[in-house]
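A closer look at the structure
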Amino acid sequence: MSFLQMFSFPFIQRALVAGVMVSLCSALLGVPLVLKRYSMIGDGLSHVSFGALAVAVALGFAPLYFAIPVVILAAFLLLRVADSPRWNSDAAIAVVSASSLALGVLVISRTSGMTTDVDNYMFGSVLAMSKADVLLSVLLCAAVLALYILFYHKIFAVTFDESFSRATGLRVNRYNALLAMLTALTIVLGMRMMGAMLISSLVIFPALTAMRLFRSFRGVVLCAGLTSVACFFAGLTVSFSCATPVGATVVAANLALFLFSCLLASLRRRLKK
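Note that the coordinates shown come from a computational prediction; the quantities given were computed from them, not determined experimentally.

**Description of the overall build of the protein chain**
Looking only at helices and strands, the protein chain features 13 helices and zero strands. Going residue by residue from the N terminus, the α and β elements of the protein chain occur as α-α-α-α-α-α-α-α-α-α-α-α-α. Relative to the 2.2 N^0.38 estimate, which gives 19 Å for 273 residues, the radius of gyration of the protein chain is 19 Å and therefore close to what a compact globule would have. Overall, the protein chain is about 55 × 45 × 30 Å in size when its C-alpha atoms are taken along their principal axes. Going through the 273 residues of the protein chain one by one, you find that 50% of them count as buried. Pairs at least 24 apart in sequence give 79% of the contacts found in the protein chain among residues at least 6 apart. Carbon together with sulfur atoms contributes 69% to the accessible area of the protein chain, which is approximately 13,200 Å² in total. Distance between charge centres in the protein chain, computed from 20 positive and 8 negative side chains, equals 10 Å.

**Structural notes on a nonpolar patch on the surface**
A cluster of nonpolar side chains, contributed by Phe260, Leu263, Leu264 and Leu267, occupies part of the molecular surface with about 360 Å² of accessible area. Tracing the backbone through its elements, the reader meets Phe260 in helix 13 (residues 246-272).

**Brief notes about the packing of helix 3 (residues 39-59) against helix 10 (residues 172-194)**
Packed helices, taken two at a time, are described by their axes: the angle between them and the distance between them. Where helix 3 meets helix 10, the axes come as close as 10 Å, and the angle between the chain directions of the two elements is 55°. When the axes of helix 3 and helix 10 are compared, the pair comes out oblique. The two elements helix 3 and helix 10 meet at a crossing, and its hand is right-handed. From helix 3, Gly42, Leu45, Ser46, Ser49, Phe50 and Leu53 reach across to helix 10, where they touch Thr183, Ala184, Ile187 and Met191. Looking at the contact of helix 3 with helix 10 residue by residue, the classes come out as six nonpolar, four polar and no charged.

**Section: a positive patch on the surface**
Together, Arg215, Arg268, Arg269, Arg270, Lys272 and Lys273 line one region of the surface with positive charge. Mapped onto the secondary structure, Lys273 falls in the segment after helix 13. For Lys273, a relative accessible area of 87% translates into the label exposed.

**Focus: unusual backbone geometry**
A positive phi is found at Ala243, a non-glycine position, where the angle reads about 60°. Inspection of the secondary structure puts Ala243 in the loop between helix 12 (217-242) and helix 13. On the basis of relative accessibility, which here comes to 70%, the residue Ala243 falls in the exposed class.

**Focus on the nonpolar core**
One recurring pattern in soluble globular proteins: nonpolar side chains tend to sit buried together. Counting 78 residues, the largest nonpolar core has Val31, Leu45, Tyr148, Val188, Met193 and Met194 as the members making the most contacts within it. Of the residues forming this core, the biggest block, 14 residues, is contributed by helix 10. Among residues more than four places away in sequence, those in contact with Leu45 are Val71, Ala74, Ala75, Leu78, Thr183, Ala184 and Ile187.

**Section: helix 8 (residues 152-160)**
Taken residue by residue, helix 8 has Tyr152, Ile155, Val158 and Thr159 as its buried positions. Buried residues of helix 8, viewed axially, fall in a sector of 135°; they line one side. Residues of helix 8 that are buried in the fold lie against helix 2 (10-35), helix 7 (131-150), helix 9 (162-167), helix 10 and helix 12.

**Observations concerning the confidence of the model for the protein chain**
Mean pLDDT over the protein chain stands at 83; residues scoring 70 or higher make up 92%. Element-level pLDDT for the protein chain is lowest in helix 6 (residues 116-123), with a mean of 64, against a maximum mean of 91 in helix 11 (residues 201-213).

**Some details on the packing of aromatic side chains**
For the coordinates displayed, the defined rule picks out 11 aromatic pairs. With centroids separated by 5.7 Å and ring planes inclined at 45°, the aromatic side chains of Phe9 and Phe11 adopt a geometry described as tilted. Overall, the relative accessible area of 29% leaves Phe9 in the partly exposed class. Measuring from centroid to centroid gives 5.7 Å for Tyr152 and Phe217, while their planes differ by 45°, and the two rings are tilted. Here Tyr152, found in helix 8, pairs with Phe217, found in helix 12; they are 65 residues apart in sequence, far enough to count as distant.

**Topic: the environment of Ala102**
The topology assignment puts Ala102 in helix 5 (residues 89-110). For the pair Ala102 and His47, spaced 55 residues apart in sequence, the C-alpha separation works out to 9.3 Å.

Calculation rules
- Within each chain, residues carry numbers counting from 1 in the order of the written sequence.
- Local features in this predicted model are restricted to residues of pLDDT 70 or higher, and side-chain atom pairs are both shown and tallied only at a pLDDT of 80 or more, whereas totals for entire chains, interfaces and linings draw on every residue.
- Hydrogens are left out, water is left out, and the side-chain values use all remaining heavy atoms of the structure.
- Helix and strand assignments come from DSSP, with helices taken as H or I runs of at least 4 residues and strands as E runs of at least 2, each series counted from the N terminus.
- When we talk radius of gyration, it's over C-alpha atoms, and the globule rule is simply 2.2 Å times the number of residues to the 0.38.
- Only protein chains enter the area calculation, which uses a 1.4 Å probe; residues under 20% of their type maximum are buried, those over 50% are exposed, and those in between are partly exposed.
- Any pair of residues with heavy atoms lying within 4.5 Å of one another is described as a contacting pair.
- Where accessible areas are quoted, they stem from the Shrake-Rupley method and a 1.4 Å probe; at the residue level, only the protein chains shown are allowed to cover.
- When charges are counted, Lys and Arg are positive and Asp and Glu negative, with His and the chain ends excluded.
- Charge positions come from single atoms, namely NZ of Lys, CZ of Arg, CG of Asp or CD of Glu.
- Patch building starts from residues that exceed 30% relative accessible area and form no salt bridge, then joins like charges within 9 Å and nonpolar side chains (Val, Leu, Ile, Met, Phe, Trp, Tyr) within 5 Å.
- Salt-bridge detection follows one rule: a side-chain nitrogen of Lys or Arg within 4 Å of a carboxyl oxygen of Asp or Glu.
- Helix axes are fitted to C-alpha atoms over the stretch in contact, other axes to C-alpha atoms as well, and angles between N-to-C directions run from 0 to 180 degrees.
- We call two directions roughly parallel when the angle between them is under 35 degrees, roughly antiparallel when it is over 145, roughly perpendicular when it lies between 65 and 115, and oblique otherwise.
- By the definition used in this description, the sense in which the near helix is turned from the far one sets the handedness, with an anticlockwise turn below a right angle giving left-handed and a clockwise turn giving right-handed.
- Following the grouping adopted for this structure description, the nonpolar residues are Ala, Val, Leu, Ile, Met, Phe, Trp, Tyr, Cys and Pro, the charged ones are Asp, Glu, Lys and Arg, and the polar ones are all others, Gly among them.
- Here, nonpolar core refers to any group of buried Ala, Val, Leu, Ile, Met, Phe, Trp, Tyr and Cys residues whose side-chain atoms link them within 4.5 Å.
- The directions from the helix axis to the C-beta atoms form the arc being described.
- The predictor attaches a confidence to each residue, called pLDDT, with possible values from 0 through 100.
- When the centres of two rings from Phe, Tyr and Trp lie within 6.5 Å, Trp using its six-membered ring, the rings pair. Their planes under 30 degrees apart give stacked, over 60 give edge-to-face, and anything left gives tilted.

In structure tokens, the structure reads:
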């Protein structure tokens, strides 16, 4: 089958549209999260999303519409814990993550077992994307991108110096909450494609790759967005050609590019010496 014929299938078209939007949002949000050392929040939210969707399936609710408000509330909670000096933020995130995962498994075991729908949310499936899922993903991802661009300078300020931002009158907590809400939305939307277990990789890998190649915040943001979209496209193509899981293949593509960027950064340092 030729390369162009692959994109004649409707499920591939839906996966490409939704995947590109989610990959772009994840990468852009991942830069401030990694710089602020909040990257583990993304991993914690992905496990919360699995617990929420398991409860939704058990109760007969629409999983995405049920999971979005639950994960947003969890994002605010984890952000408050991360900023509190009285808590060990890594331990708190691990507790929330493990508890949510355990809750999801218990709910599944007491209802219908590991259904195909829950399995798709847990590990991702290109076939699971319906037209309604794609439409919801495009609309919400467009809103995430619009808010990110609108408050770009504020996000830049709170990322690098919260104390100075507070001194200038900037409402740091408000923009941290905005960042957490946008991350929660993106993770929930990416569950169908990447799976709750792998979606956090789209937040972390592109940012780390871009940081090996660029030094400016804008350069890192642009590079992260481009590399994330390119890795998703490559992963989707290889997944279809080799009959491998989409989520795992996309993560493998991100890992390969990250290792290549590390090699380039190492060579660049040696040439400077």
